[in-house]
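Reading the structure
So the chains spell out like this:
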Amino acid sequence: MLNYMKAELYRNFNRIYFYAFTASISFFAILSNLLVANQNIGLDKMMLMSIKMLSIPIYIVVMIVDMVTSEENKNLTIKNVLASGLSRNKMYLSKIIVSTILAVISAIIILTIFLVSSMMITGIGENFSSELLRDFTFRILSAVPLWIGTISLCTYIAFLIKNNTLFASIYVILFVSVKQIINILGYLVSDKFFYAKNMLISGQLEILSSDAAVSSTQSLTAVCIGLAYAVVFSILGVIYIRKKDIT
């Protein structure tokens, strides 16, 4: 399994896809700083604005999963991996782990470029403080398990559906529609549905990106829910891949 993961990382690191993906988002990160230059907006305000966008990685991970899993599933090259003797369980879990590693590396690069370019272009800002930095880091770290949960879910859908566009569309629609449906039911039927929304990854990210302070309890809840999604969809994926006819 470790050798397969190394091979997968090597394969993806030697493709333009990963670098183009990271570079394009990094470009928009720099562009966002350039657009607010000379508008009395510093790193402090940019960090506060970026906290509002904690849900964006939900949709960005589609590209990572497409690169690692969907493309190979569509081209039926996974059967060559299984023919080498690697078990289906290990192959499936390796896909999730590799996607997570690539996503973390890409996120670190993008976030570093965003923060450094913001500091250079807009300045630190008069409200920047160690407390702001701690809160920013705390929310980001709390969101990481939720993003890992989305990778697990996205990988599961990628194995279910071979078509890249259809898989990505269903994944995005799922995140957008379920949250909206629960919101509608909460307003029209019973406010108890709002509690169900808090069990969603998108609902937890909404809490982490709010203006209100995030407590350690809320952070722990987000971590537990994110890991729960990761475990559940990893198990479902393993069960599915065991039965799937790969020819």
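This text follows the structure it describes.
Anyway, here's the lowdown on the structure attached to this text. (Residues numbered from 1 in each chain as written. Predicted model: local features only at pLDDT ≥ 70, side-chain atom pairs only at ≥ 80, totals over all residues. Heavy atoms only, no water.)

**Considerations on the packing of helix α7 (residues 130-160) against helix α11 (residues 216-243)**
Each pair of packed helices gets described by two things: the angle between the helix axes and the distance between those axes. Rules: Interaxial angles span 0 to 180 degrees and are taken between N-to-C directions of axes, which are lines fitted to C-alpha atoms, for helices over the stretch in contact. Runs of E in the DSSP output that reach at least two residues are strands. Runs of H or I that reach at least four are helices, and both are numbered from the N terminus. With respect to orientation, any angle under 35 degrees is reported as roughly parallel, any angle over 145 as roughly antiparallel, any angle of 65 to 115 as roughly perpendicular, and every other angle as oblique. Each crossing gets its handedness from the near helix: less than a right angle anticlockwise from the far helix is left-handed, clockwise is right-handed. Here the term charged refers only to Asp, Glu, Lys and Arg, the term nonpolar to Ala, Val, Leu, Ile, Met, Phe, Trp, Tyr, Cys and Pro, and the term polar to all other amino acids, Gly among them.
Interaxial distance between α7 and α11 falls to 8 Å at its minimum, and their mutual angle equals 15°. What the angle tells us is that α7 and α11 run roughly parallel. The crossing of α7 and α11 is left-handed. Looking at the contact of α7 with α11 residue by residue, the class counts come to 18 nonpolar, 8 polar and no charged.

**Some remarks on α11**
In an α-helix there are 3.6 residues to a turn, and that puts residues three or four apart on one side. Applied cut-off: One less than the residue count of a helix, multiplied by 1.5 Å, gives the span that helix is expected to have. Two residues qualify as a contact provided that any one of their heavy atoms is within 4.5 Å of a heavy atom in the partner residue.
The terminal C-alpha atoms of α11 lie 41 Å apart, and with 28 residues this matches the ideal 40 Å at 1.5 Å per residue to within 8%. For α11, the secondary structure elements touched by its buried residues are α6 (88-122), α7 and α10 (201-208).

**Section: the nonpolar core**
The line we're drawing: Within this scheme, the nonpolar core is defined by two criteria: the residues are buried Ala, Val, Leu, Ile, Met, Phe, Trp, Tyr or Cys, and they are joined through side-chain atoms within 4.5 Å. Each residue is placed in one exposure class: buried if its accessible area under a 1.4 Å probe, protein chains only, is under 20% of its type's maximum, exposed if it is over 50%, and partly exposed if it falls in between.
Ranked by internal contacts, the top residues of the largest apolar core, which has 55 residues, are Met-91, Leu-102, Phe-167, Tyr-171, Leu-205 and Leu-208. A per-element tally of this core places α7 first, with 13 residues. Excluding residues within four positions of it along the chain, Leu-208 makes contact with Ile-51, Leu-54, Arg-139, Ser-142, Ala-143, Leu-146, Val-214 and Ala-222. Judged by nonpolar contacts, the second largest core, of 5 residues, contains Ala-29, Val-36, Ile-41 and Phe-114.

**Here we look at helix α3 (residues 43-51)**
Put simply, the test is: Comment: arc refers to directions from the helix axis out to C-beta atoms.
Residues of α3 that are buried include every one of Leu-43, Asp-44, Met-46, Met-47, Ser-50 and Ile-51, and no others. Around the axis of α3, the buried residues are gathered within 165° of arc, so they sit on the same side. Contacts made by the buried residues of α3 are with α2 (16-35), α6, α7 and α10.

**Describing the side chain of Lys-179**
Rule in force here: Two N or O atoms count as a polar contact when they lie within 3.5 Å, although within protein this holds only if one can serve as hydrogen donor and the other as acceptor, and sequence-adjacent residues are included solely when both atoms are side-chain atoms.
By the secondary structure assignment, Lys-179 is in helix α8 (residues 164-188). Exposure remark for Lys-179: the relative accessible area of 18% places this residue in the buried category. For Lys-179, the side chain forms a polar contact with the side chain of Glu-206, separated by 2.7 Å.

**Digging into the pattern of salt bridges**
Note the cut-off: Any carboxyl oxygen of Asp or Glu within 4 Å of a side-chain nitrogen of Lys or Arg constitutes a salt bridge here.
If you walk through the whole model with that rule in mind, you get 6 salt bridges. A salt bridge links Arg-139 to Asp-135; its shortest N-O distance comes to 2.8 Å. Of the two residues, Arg-139 and Asp-135 are both situated in helix α7; the distance of 4 residues between them amounts to about one turn of the helix.

**Some remarks on the layout of surface pockets**
A water-sized probe rolled over the atoms picks out the places where empty space is left. Worth spelling out the cut-off: The method works on a 1 Å grid over the protein atoms by themselves. A cavity is a set of points holding a 1.4 Å probe that cannot get out, a pocket is an open set with protein on both sides within 12 Å along at least five of seven lines, and residues with an atom within 4 Å of a point line them. Grid points are joined across faces, edges and corners, and a volume is the space filled by probe spheres set on the points.
Empty space within the largest pocket amounts to approximately 920 Å³. Lining of the largest pocket is provided by 30 residues; of these, Pro-57, Ile-60, Ala-107, Ile-110 and Trp-147 occupy positions nearest its centre. Those elements that place two or more of their residues in the lining of the largest pocket are α2, α3, α4 (56-74), α6 and α7. With 9 residues, α6 is the largest single contributor of residues to the lining of the largest pocket. Class assignment for the residues of the lining of the largest pocket results in 26 nonpolar, 4 polar and no charged.

**Some details on the packing of helix α1 (residues 2-13) against α6**
Contact pair α1 / α6: the axes reach a minimum separation of 10 Å and the direction vectors enclose 45°. With respect to their mutual orientation, α1 and α6 come out oblique. You can see that α1 and α6 cross each other, and the crossing is right-handed. Within the contact between the two elements, α1 uses Tyr-4, Met-5, Glu-8, Leu-9, Arg-11, Asn-12 and Phe-13 and α6 uses Met-91, Ser-94, Lys-95, Ile-97, Val-98, Ile-101, Leu-102 and Ile-105. Residue composition of the contact of α1 with α6, by class: 10 nonpolar, 2 polar and 3 charged.

In short, geometric facts, not functional conclusions.
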